[in-house]
Structures are given as structure tokens and as C-alpha cells.
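# Topology and contacts: notes
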Amino acid sequence: PPPHAANLAPDPTLELTPSAYFTHGPASFSWATDESRSPTHSLMIVSRNSQLSRWLSQMTAIAARPGKTYRASAWVRTAGLSGSAKVAVTFWNSSGNYLGVAAESTPLGGTQTWTQRVVTQVAPPATAFVRLELRHTGSGTSWWDDLEVTLA
């Protein structure tokens, strides 16, 4: 994105209390201080099964407008991940209803160094909010840092 694009992601470096986010799925979610890109923390997701686990922004945390293109990205590192790690966006209206549009980045699996995952999507009609999702599927570990949501 252009250098002047404002980052809409709450706590993009994951250094604060994560009240703008919540978890969903059977994985273990924790702060990692031994592995991060910026400054001292990253989110660590550890799973021992094949199910999807997600770290999601609160539905109303990121205001959005219909017809605008949103770019979401995050840096992820994986260790022994049998499935995949992806960044995703979903869109919601002002009543809290999912609008049926979701987009995911290309997957990252196995054991990889810090790699940026990016997804871009146009917000559908009636959009009021965009939700950022960090998706972890499969057994293994993923670390996440430097989140970004901008107008593309």
C-alpha cells in the first residue's frame, strides 16, 4: 500500500492487551517473547489436531465502507505445521450480520521463517466492518506479528 496508508488493525505489533481480539478453536493461544518481529511479543498458536483455530478482531474493531478495497497482511513463522497458516478478511453489516464474503491469503505450512501473507478484497454492499482473521489449521505451531489492515 502507499506509505501514507493508515493501519486500521488494532495493536498491530501485538504489544498491548489484546482486548480488540478473541480466539476461536481448540488450539492454544499465547504471547511469545522468545520469537517476534517487533518489538518484544508475537502471538503463538499451537495445535495438536487438524481443526481450524482463529485469532479474530472483534467484529466492530475495524470500521469499513462498501466498495472500498481492503488489504490485510501479517507476518507468520511456522514450525512443523501439518496444515496451513493464512490471513483472512470477512465483512459484516452494522447489525452484526456476516455478509458472505471472505478472502484468504495463500497458505504457509511446514517449517518456514518469517513470511508475509497478504489478502486484498473489495468490501461488499452494506459493509460496516471488516474482520481480520489469523487462521491456523493442522498440528504444529505458528507465530504471528506485524498485523496490517489498510485501504488498498
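Anything mentioned here points back to the structure above.
Reference entry: report on the structure contained in this document. (Residues numbered from 1 in each chain as written. Predicted model: local features only at pLDDT ≥ 70, side-chain atom pairs only at ≥ 80, totals over all residues. Heavy atoms only, no water.)

The next point concerns the packing of aromatic side chains. One pass over the full model with this rule turns up 5 aromatic pairs. With a centroid separation of 6.4 Å and 55° between ring planes, the pair formed by Y70 and F91 is classed as tilted. Taken together through their ring pairs, the aromatic side chains of Y21, F29, W31 and W55 make up a single cluster. Across the ring face of W75, the terminal group of R37 is positioned such that the distance to the ring centre comes to 3.8 Å. (Phe/Tyr/Trp six-rings, centres within 6.5 Å; stacked < 30°, edge-to-face > 60°. Lys NZ or Arg CZ within 6 Å of the ring centre and 35° of its normal.)

We now examine the pairing of strand β6 (residues 98–104). Here 4 bridges tie strand β5 (residues 69–92) to β6, and the two strands are oriented antiparallel to one another. Note on β6: the bridge partner recorded for V89 is A103. Where β5 hands over to β6, the hairpin turn is made up of 5 residues, of which G96 adopts a positive phi near 85°. (Pairing = 2+ DSSP bridges. Helix = DSSP H or I, 4+ residues; strand = E, 2+ residues; numbered from the N terminus.)

This part is about the side chain of E35. By the element assignment, E35 lies in the loop between β2 (28–32) and β3 (42–47). Judged by relative accessible area, E35 falls into the buried class, the value being 18%. Within the local environment of E35, its side chain forms a polar contact with the side chain of W114, the two groups lying 2.8 Å apart. For E35, the residues in contact, after removing those within four places along its chain, are S42, R77, W114 and W143. (Buried < 20%, exposed > 50% of the residue type's maximum accessible area, 1.4 Å probe, protein only. Polar contact = N/O pair within 3.5 Å; in protein donor to acceptor, adjacent residues only side chain to side chain. Contact = heavy atoms within 4.5 Å.)

So, about the nonpolar core. Generally speaking, nonpolar side chains in soluble globular proteins are found buried as a group. Ranked by internal contacts, the top residues of the largest apolar core, which has 31 residues, are L132 and W144. Looking at this core, the elements with two or more residues in it are β3, β5, β6, β7 (108–122), β8 (129–137) and β9 (140–151). Of the residues forming this core, the biggest block, 9 residues, is contributed by β5. For L132, the contacting residues outside a window of four places in its chain are A9, Y21, W55, L56, S57, I62, A72, V87, A88, L147 and V149. (Core = buried A, V, L, I, M, F, W, Y, C linked by side-chain atoms within 4.5 Å.)

Looking now at unusual backbone geometry. A positive phi angle, near 55°, is found at L14, a position not held by glycine. With respect to the helices and strands, the residue L14 is situated in the segment before β1 (21–24). Residue L14 is classed as buried on the basis of its relative accessible area of 1%. With phi around 75°, A126 is a residue other than glycine that occupies positive phi space. Within the secondary structure, A126 is located in the loop between β7 and β8.

Attention now goes to the pattern of salt bridges. Counted by the stated rule, this structure contains 7 salt bridges. R54 is the partner of E133 in a salt bridge, and the nearest nitrogen-oxygen pair spans 3.3 Å. One end of the pair, E133, is in strand β8; the other, R54, is in strand β4 (residues 52–57), with 79 residues separating them in the sequence. Residue E133 is classed as buried on the basis of its relative accessible area of 2%. Put simply, E104 and K86 hold a salt bridge, and the shortest N to O gap is 3.0 Å. Remark: K86 occurs in strand β5 and E104 occurs in strand β6; sequence separation between them is 18 residues. Judged by relative accessible area, which is 19%, K86 ranks as buried. (Salt bridge = Lys/Arg side-chain N within 4 Å of Asp/Glu carboxyl O.)

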